[in-house]
Amino acid sequence: METTSARRLAELVGDLAGERPPRYAALAQRVRMLVADGRVPLGTRLPAERELAAALTLSRATVTAAYARLRDDGWATARQGAGTFAALPAGPHRGAWVPGPVDDGSIDMAHAAPSAPASVPAAFAAALAELPRHLPQHGYHPAGLPDLRARIAERYTARGLPTTPEQILVTAGALHGVATAFQTLVRRGQRLLTEQPTYPNALDAARASGVRILPTALDAAEPDAWLDAAERALRTVRPAAAYLMPDFHNPTGRLVDAAGRERLAAALRRAGTVAVVDETFAELWLDTPAPPPLASFGEGHVSVGSLSKTFWGGLRIGWVRAEAETVRHLTAVAVRSTMAGPVVEQLAACALLDGADAALGELRQQLRERRAVLLGELRSRLPAWRVREPAGGLVLWCGLPSPRSRALVAAAEGHGLRLAPGPLFGTGHALDDRLRLPYTHPPELLRAAVSLLARADADVEHGAAPPDGAPAPADPVV
Ligand SMILES: Cc1ncc(COP(=O)(O)O)c(C=O)c1O
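The protein chain is annotated in an unreviewed UniProt entry as PLP-dependent aminotransferase family protein from Blastococcus jejuensis. The Sequence similarities (unreviewed entry) comment attached to the protein chain in UniProt states, word for word, "In the C-terminal section; belongs to the class-I pyridoxal-phosphate-dependent aminotransferase family."

Laid out in structure tokens, this is it:
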């Protein structure tokens, strides 16, 4: 087992005098940088708290708090009686990826989760006005409130996929829909084809179902290469299911055109593979609307949607669209854990969908401006990075000049900027040369974020930790 002495780690950490307080956070930040860039190799046992405190002339409580922060953030693990060991956050089996606190003054560029528009409180006011109509009944609707199922079905029909309310199951967000679909349609040990990269929590849900993941490499610059790879994998492996995002794929932004959907649907049909199609971003087209849903190109596929990105994640309203028979199976599985969704939120969702066309028009306009700001800032401040303009969705998938996204995450933390490392979006530890950046924030915050990102990139470029005595970074604008 590799260990590092207190003296050696203290040398690597250096002087913390010029760092922004609190001291324990600065110490944790330096250690993160050392783990991220490999100077403290993964699995190394960190020195005992008392010894490190003495070597750094800090109090033991400071070191204890720094180790606790490292453990909380996944940069260290504690083994009972054996000590504290360097680790990497967001490894392949780390579990679901959930937003951390957003009230600590940092800018959150890790999550692509927009704040709520004014239509959300208005929709809740409308929901409360409707509520008395429901109170005399028991309020349990296992597949969803009939009015909401009808509205969701109408939107599918308008998008080119004729749908009845019986074909809709309302869920507690898209992830609940995806997880329910995996539990219902794929058995333990069966194969699930995914794009690589993909949405991390779907990978986690698949693993939790005991499914074996079959990743297929996707580069938005070469969409046909992915189609070729997917066709090959479907032909040779015949996976039971596929988890796909043809509409503004998260994180690459790739859109599969109508001809590509034909090809994909044909390959799925030949392989007997059912697709679970995550359409969380489908309505967030920014240039031209997406083609009709993949399920309109082939029978039996399951579509999953959500109001989280079009309105607000805090609503926890999503859905699954499938054949009515499949919806009955999905409902039976969902009921085991949730019984039914909350009535008030579903009434609010009805009100939001009634005004969705106008609201989405405004949201798209806002996102176009923000996409342009983030792209422009990155191109001028970080010209060595490769960034493509996605035709929709909420994020840019940046190519870095070298594998450095983990080191960037660690460096950015010290500047008050929260990032998600590229490897989070894949299986294994690949994709360290990629970084996903959302353009969900207002322009001034995006500019502040890129300015902090450029500082973090300079730290990484010029040898990890910022030089001792460097001026403390300005407080981020939030
Ligand atoms: C592709 C994708 N699917 C599903 C989700 C989860 O959505 P929800 O909040 O509706 O569960 C997200 C959220 O980031 C996502 O990006």
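Peer 1: Outline the overall build of the protein chain, supporting the account with residue identities and numerical values.
Peer 2: What the protein chain contains, in helices and strands, is 15 helices and 13 strands. When the backbone C-alpha atoms are referred to their principal axes, the protein chain occupies close to 70 × 55 × 50 Å. For the protein chain, with 478 residues in total, the buried portion stands at 55%. Of the contacts formed within the protein chain by residues at least 6 apart in sequence, a portion of 74% connects residues at least 24 apart. Per element, the accessible surface of the protein chain, about 20000 Å² overall, is 53% carbon and sulfur. Of the side-chain charges in the protein chain, 52 are positive and 49 negative, and the distance between the mean point of each set is 5 Å.

Peer 1: So what's going on with the nonpolar core? Residues and values would help.
Peer 2: If you look at the biggest cluster of nonpolar residues, it comprises 96 residues, and the most contacted ones within it are Leu378, Trp385, Leu419 and Leu437. Examining the composition of this core, we find that 10 residues originate from one element, helix α15 (residues 443–461), more than from any other. Filtering out sequence-adjacent residues up to four positions away, Trp385 remains in contact with Leu378, Cys398, Gly399, Leu400, Pro401, Leu408, Leu435, Leu437, Leu453 and Asp457. One finds Phe182, Ala202, Ala205 and Val304 within the second-largest nonpolar core, a separate group that totals 27 residues.

Peer 1: Please set out the pattern of salt bridges residue by residue, giving values where relevant.
Peer 2: Going through the model one piece at a time under the given rule, you end up with 19 salt bridges. A salt bridge links Arg7 to Glu11; its shortest N-O distance comes to 3.8 Å. Here Arg7 pairs with Glu11, and both are found in helix α1 (residues 6–13), just four residues apart, close to one helical turn. Using a relative accessible area of 63% as the deciding quantity, one classes Arg7 as exposed. The class of Glu11 is partly exposed, set by a relative accessible area of 48%. Members of the salt-bridge network, linked through shared partners, are Arg7, Arg8 and Glu11.

About the cut-offs
Each residue is numbered by its place in its chain's sequence as written, counting from 1. With the structure being a predicted model, the display of local features is reserved for residues of pLDDT at least 70 and the display and counting of side-chain atom pairs for 80 or more, all residues being used for whole-chain, interface and lining totals. Think of the side-chain values as coming from all heavy atoms in the structure, minus any hydrogens and water. UniProt positions are given in the numbering used here, feature names are shortened, and annotations may be inferred rather than shown by experiment. The numbering of helices and of strands both runs from the N terminus, where a helix is a DSSP run of H or I of at least 4 residues and a strand a run of E of at least 2. Accessible area is worked out with a 1.4 Å probe on protein chains only. A residue is then buried under 20% of its type maximum, exposed over 50%, and partly exposed in between. The contact criterion used throughout is that any non-hydrogen atoms of two residues lie within 4.5 Å. Values of accessible area rely on a 1.4 Å probe in the Shrake-Rupley scheme; residue burial ignores everything except the protein chains shown. Note on charges: Lys and Arg go in the positive column, Asp and Glu in the negative column, and His and the chain ends are not counted at all. In plain terms, the charge of a residue is placed at NZ if it is Lys, CZ if Arg, CG if Asp and CD if Glu. Nonpolar core, defined: a set of buried Ala, Val, Leu, Ile, Met, Phe, Trp, Tyr and Cys residues in which side-chain atoms within 4.5 Å join the residues together. Salt-bridge detection follows one rule: a side-chain nitrogen of Lys or Arg within 4 Å of a carboxyl oxygen of Asp or Glu.

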